[in-house]
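The lines below spell out each chain.
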Amino acid sequence: MSFKLFYEGNTYALEDNKSVLDTLLDQGIDIPHSCKSGVCQSCLVEVVSGTPGQASQTGLKATYKAKNYAMACCLYAQDDLAIRRLSAKESAVTASIVKIEALNHNVLRLCVKLGEPFDVIPGQYLTLITAEGLARSYSIANLPAVDGYIELHIRVLDNGRLSSWLLNQARPWMEVQLRGPAGECFYVADDDGSKDFPMVLAGTSTGLAPLYGIVRDALYQGHQGSIDLFHGALQAEDLYLMDDLQALSQQYEQFSYIPCVLKGIEGDFYTVGDIQQLVTDHIADKKDAHVYLCGAPELVNSLKTKIFLAGIASKHIYHDAFLPSK
Ligand code: FES
């Protein structure tokens, strides 16, 4: 059975098993989107009539659900649908760029300041939307409530549209929109309120961003247990924030920073080895650890399984897989 989609005065056929987002993109209609997996919320639309379905609203704030907002990439026909594109201002807040700088040869630091209150937790992610409607999701890498701005780490991709925009067009004090935040990967005390459990965090590339935010948040909240952060890369030049993390490890005895690379020379400031093996070995005697994993989906999914099999309770494994998007 085929249903209809009504959008901006036009009618389209909705095929079975094809999302509203794909239906519109196939028609050459440019709808903001990024992950196409129901994670980033950059494809939000309002369902004016018809049934949104549970999948298209999973993870949305209660206020968004109440307004019948839905993620177009997870929106499938159960009946005829009429949808409306949201203006950025309807579901986002305005922020100004305050700093763009290189952290290494392929990672940029973007700092933005908000003109209004915006509740975020370090480690969550939000969607950055440019004036041109380009939308991408990034994790919060700092303590916004303390620093007074939000810091994001953006990997420069070949032909990456957002990173090209940042390198070529973005300038300080330019306005962007922020949507979100979302995500459950952040620091929380144990069920009984205690803060003395060991923490182990592991990530590759800009997976460091949420982990850095979580480490700073845990220290700020007075975490008393050990905090061990593994940052993995192919080679040393792909690591970043080394000075900041080494300084943090000197300031806090409980915090250890373990940079590791697959290709390198033993004896330098990093460890040479596979991050998955290093982390799995490390947690062998830390069964009560809370483990945080961020980075490429293959790494996160594989490490999640290994850590669970090594004896870490699944409720203590927090993870956030980044879906590549250009
Ligand atoms: S593109 Fe739909 S949630 Fe990311």
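Residues numbered from 1 in each chain as written. Predicted model: local features only at pLDDT ≥ 70, side-chain atom pairs only at ≥ 80, totals over all residues. Heavy atoms only, no water.

Colleague: I tried to follow the packing of helix H7 (residues 275-282) against helix H8 (residues 297-309) on my own but got confused; where do I start?
Modeller: Helix packing geometry: the angle between the two helix axes and the distance between the axes. As a packed pair, H7 and H8 sit with axes 10 Å apart at the nearest point and diverge in direction by 25°. One way to sum up the angle between H7 and H8 is to call them roughly parallel. Considering only the axes of H7 and H8, their crossing is right-handed. Side by side, H7 and H8 meet where Ile-275, Gln-276, Val-279 and Thr-280 of the first sit next to Leu-299, Ser-302, Leu-303, Lys-306 and Ile-307 of the second. Residues that form the contact of H7 with H8 fall into these classes: five nonpolar, three polar and one charged. (Axes fitted to C-alpha atoms, helices over the stretch in contact; angles between N-to-C directions. Helix = DSSP H or I, 4+ residues; strand = E, 2+ residues; numbered from the N terminus. Parallel < 35°, antiparallel > 145°, perpendicular 65-115°, else oblique. Left-handed = near helix turned anticlockwise from the far one by under 90°. Contact = heavy atoms within 4.5 Å. Nonpolar A, V, L, I, M, F, W, Y, C, P; charged D, E, K, R; others polar.)

Colleague: Could you clarify how one ought to interpret the sheet that holds strand S3 (residues 44-49) in this entry?
Modeller: In any sheet, the strands associate via hydrogen bonds between backbone groups, in a parallel or an antiparallel arrangement. If you trace the five strands from one edge of the open sheet to the other, you get S2-S1-S5-S3-S4, paired in mixed fashion. Of all strands in the sheet, those bounded by a partner on one side alone are strand S2 (10-14) and strand S4 (69-71). Each strand axis lies, on average, 40° off the axis of its neighbour in the sheet, ignoring direction. As judged from the four bridges shared by S3 and strand S5 (residues 81-85), these two strands associate in the antiparallel manner. What sits directly across from Ser-49, in S5, is Ala-82. (Pairing = 2+ DSSP bridges.)

Colleague: Just to check I follow, could you spell out the sheet that holds strand S10 (residues 150-155) for this structure?
Modeller: The strand order across the open sheet formed by six strands is S9-S8-S11-S6-S7-S10, and the pairing between neighbours is antiparallel. The sheet is open, and its two borders are formed by strand S9 (135-139) and S10, each paired with just one other strand. Neighbouring strand axes in the sheet, compared pairwise and without regard to direction, differ in orientation by 40° on average. Two elements, strand S8 (residues 125-129) and strand S11 (residues 175-182), share four bridges in a ladder whose sense is antiparallel. Looking at S11, one finds that Tyr-125 is bridged to Ala-182.

Colleague: I would appreciate a short explanation of the pattern of salt bridges in the present structure.
Modeller: Note on pairing: side chains with opposite charge can pair once their charged atoms come close. The final tally for this structure, using the stated rule, is nine salt bridges. For Glu-46, the salt bridge identified is with Arg-84, shortest N-O distance 2.8 Å. Taken together, the positions of Glu-46 in strand S3 and Arg-84 in strand S5 put the pair 38 residues apart, joining distant regions of the chain. Residue Arg-84 is classed as partly exposed on the basis of its relative accessible area, which comes to 32%. With a shortest N-O distance of 3.0 Å, Lys-315 and Asp-191 are connected by a salt bridge. Taken together, the positions of Lys-315 in the loop between H8 and strand S17 (317-321) and Asp-191 in the loop between S11 and strand S12 (199-204) put the pair 124 residues apart, joining distant regions of the chain. One connected set of salt bridges, linked through shared partners, spans Glu-15, Lys-18 and Asp-26. (Salt bridge = Lys/Arg side-chain N within 4 Å of Asp/Glu carboxyl O. Buried < 20%, exposed > 50% of the residue type's maximum accessible area, 1.4 Å probe, protein only.)

Colleague: Can you walk me through the packing of aromatic side chains in this structure?
Modeller: Aromatic rings in a pair are described by how distant their centres are and how their planes are angled relative to each other. The final tally for this structure, using the stated rule, is four aromatic pairs. Plain terms: the ring middles of Tyr-187 and Phe-197 are 6.3 Å apart, the flat faces sit at 25° to each other, and that makes the pair stacked. Remark: Phe-197 occurs in the loop between S11 and S12 and Tyr-187 occurs in the loop between S11 and S12; sequence separation between them is ten residues. Grouping residues by exposure puts Tyr-187 and Phe-197 together as buried. (Phe/Tyr/Trp six-rings, centres within 6.5 Å; stacked < 30°, edge-to-face > 60°.)

Colleague: Could you clarify how one ought to interpret unusual backbone geometry in this entry?
Modeller: A negative phi angle is the norm for most residues apart from glycine, just as the trans form is the norm for most peptide bonds. Unusually for a residue other than glycine, Glu-8 sits at a positive phi of about 50°. Note that Glu-8 resides in the loop between strand S1 (3-7) and S2. Under the relative-accessibility criterion, Glu-8 is labelled exposed at 57%.

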